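Architecture at a glance
What follows is the residue order along each chain.
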Amino acid sequence: MNQSKNPTPYLLFSLLLIGIDQVSKLLVYKYMEPGFSGQIGLIGNWFKLHYVLNPGMAFGMQLGHEYGKLFLTLFRLVAMVAIGGYMIHLARAGASKGLLWALAMILAGAVGNVIDSTFYGVLLHNAPYGSPTPWFHGQVIDMIFVDFWEGFIPEWVPVWGGQYYSTPIFNIADSCIFIGVCSILVFQGSFHSATHPEVETTDTTESSLTHAELPLNEFSAEPHRDTEISTLPAAEELEDDENKKES
């Protein structure tokens, strides 16, 4: 049986990642200019800090519906609660530590982007123009740019065909979700075996009993009884002989 685990360390790890994510976004908001003018190269020309506002999902994807942003934010809220509750349930059920750390990263990423979507429209005034309300319409701040490809998507590609794209710009919350999901997909076998170990049970009660360990009376009683029976005729013959001598 798996031993129950305390979910607190995993929740604290999520809280730490959320703090790092939010601090990085607020620093970018305060000290960087949006777009290419404020871009900062970190490693060559391919790894950069590039401040952009993302009105949609992770890695810049969007829902093309009038209320898409509201639906997305509400979905993130539901997912955040579900992931947190599921992680606590698995911890108490004794799930693998690796699985719990991965879920903690996914939870941190979900919460980090929920904070942006829910509050940034009010606190940072970055809700898209024409939004019915700044609440739940905040734009997520992205800044990590791994620039190794850009160009037009072929026309035959569904949804994105014929448009100009570069590699996605993302944030720490997106990275947490990506790493957590990939960890579960890659290591799900080990996570599952650690969560449900094979318990080998052998009944040694009968197999360990040998004839030498059985009670002695099971072997000695019957021979002893036979010995007593076999001596009876001999005793009777001796009595007959004595009677004959006396007569």
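Note that the structure is predicted; figures quoted are calculated from it, not measured.

Right, let's get into the sheet that holds strand β6 (residues 169-170). In spatial order, the strands read β1-β2-β3-β6; together these four strands make up an open sheet with antiparallel pairing. What marks the edges here is a single partner per strand, and that holds for β1 (40-43) and β6. Helix α1 (residues 8-31) contacts β2 (47-54) and β3 (140-146) of the sheet and is inclined by roughly 90° relative to β3.

Here we take up the side chain of Asn126. Here Asn126 lies in the loop between α3 (97-123) and β3. By relative accessible area, Asn126 is classed as buried at 8%. Those residues in contact with Asn126 that lie beyond four places of it in its chain are Leu53, Tyr120, Gly121, Gly138 and Gln139.

Looking at the protein, the pLDDT average stands at 80 and 72% of residues meet or exceed 70. The spread of mean pLDDT over the elements of the protein runs between helix α5 (residues 204-207), the lowest at 46, and α1, the highest at 97. Every residue in residues 227-232 is under pLDDT 50, and counting partners more than four places away or in other chains gives zero contacts.

On to the nonpolar core. Core analysis: the largest hydrophobic core is formed by 21 residues, its most contacted members being Met87, Leu90, Leu99, Leu100, Leu103 and Leu107. Only α1, α2 (68-92), α3 and α4 (172-195) provide two or more residues apiece to this core. Considering each element in turn, this core owes the most residues, ten residues, to α3. Here Leu99 is in contact with Leu90, Ile184 and Phe191, once residues within four sequence places are set aside. With nine residues, the next largest nonpolar core counts Met32, Tyr120, Leu124 and Met143 among its residues.

Our next topic: α1. Over its 24 residues, α1 extends 34 Å from the first C-alpha to the last, a length consistent with the 34 Å expected when each residue adds 1.5 Å. By the burial criterion, the buried members of α1 are Tyr10, Ser14, Leu17, Ile18, Asp21, Gln22, Ser24, Lys25 and Val28.

Residues Ile40, Leu42, Ile43 and Trp46 make up a contiguous nonpolar surface patch of about 370 Å² in total accessible area. Mapped onto the elements of the fold, Ile43 is located in strand β1. By relative accessible area, Ile43 is classed as partly exposed at 44%.

It is worth spelling out the packing of aromatic side chains at this point. What the rule picks out here adds up to six aromatic pairs. Between the aromatic rings of Phe119 and Trp135, the centroid separation amounts to 6.0 Å while the plane-to-plane angle is 80°, which identifies the pairing as edge-to-face. With a gap of 16 residues between them, Phe119 in helix α3 and Trp135 in the loop between α3 and β3 connect regions that are remote in the sequence. What makes Phe119 partly exposed here is its relative accessible area of 35%. Look at Phe187 and Phe191: their rings are 6.3 Å apart centre to centre, the planes differ by 45°, and that puts the pair in the tilted class. Placement of the pair is Phe187 and Phe191 together in helix α4, with a separation of four residues, close to one helical turn. Assessed through its relative accessible area of 10%, Phe191 is described here as buried. Among the aromatic residues, those joined into a cluster by ring pairs are Tyr10, Phe13 and Trp101.

Across all of its chains, the model carries three salt bridges by this definition. Between Lys48 and Asp147 there is a salt bridge whose closest N-O contact spans 3.0 Å. A residue pair is termed long-range when its members are at least 10 positions apart, and Lys48 in strand β2 and Asp147 in the loop between β3 and β4 (150-152) qualify at 99 residues. Take Lys48 and Asp147: they sit in the same class, and that class is buried. One network of salt bridges, with partners in common, ties together Asp21, Lys25 and Asp116.

Turning our attention to the pairing of β1. Judged from the three bridges that link them, β1 and β2 form a sheet pairing that is antiparallel. Bridge pairing links Gly41 to Lys48 in β2. Hairpin connection between β1 and β2: a loop of three residues separates the two successive antiparallel strands, and Gly44 in this loop has a positive phi of roughly 60°.

Looking at the element boundaries, Ser183 is found in helix α4. What Ser183 contacts, discounting residues up to four positions off in sequence, is Ala102, Gln188 and Phe191.

Quick notes on the rules
Residues numbered from 1 in each chain as written. Predicted model: local features only at pLDDT ≥ 70, side-chain atom pairs only at ≥ 80, totals over all residues. Heavy atoms only, no water. Pairing = 2+ DSSP bridges. Helix = DSSP H or I, 4+ residues; strand = E, 2+ residues; numbered from the N terminus. Contact = heavy atoms within 4.5 Å. Axes fitted to C-alpha atoms, helices over the stretch in contact; angles between N-to-C directions. Buried < 20%, exposed > 50% of the residue type's maximum accessible area, 1.4 Å probe, protein only. pLDDT = per-residue confidence, 0-100. Core = buried A, V, L, I, M, F, W, Y, C linked by side-chain atoms within 4.5 Å. Expected span 1.5 Å × (residues − 1). Patch = residues over 30% accessible without salt bridge, like charges linked within 9 Å, V, L, I, M, F, W, Y side chains within 5 Å. Areas by Shrake-Rupley, 256 points an atom, 1.4 Å probe, with all protein chains shown as cover. Salt bridge = Lys/Arg side-chain N within 4 Å of Asp/Glu carboxyl O. Phe/Tyr/Trp six-rings, centres within 6.5 Å; stacked < 30°, edge-to-face > 60°.

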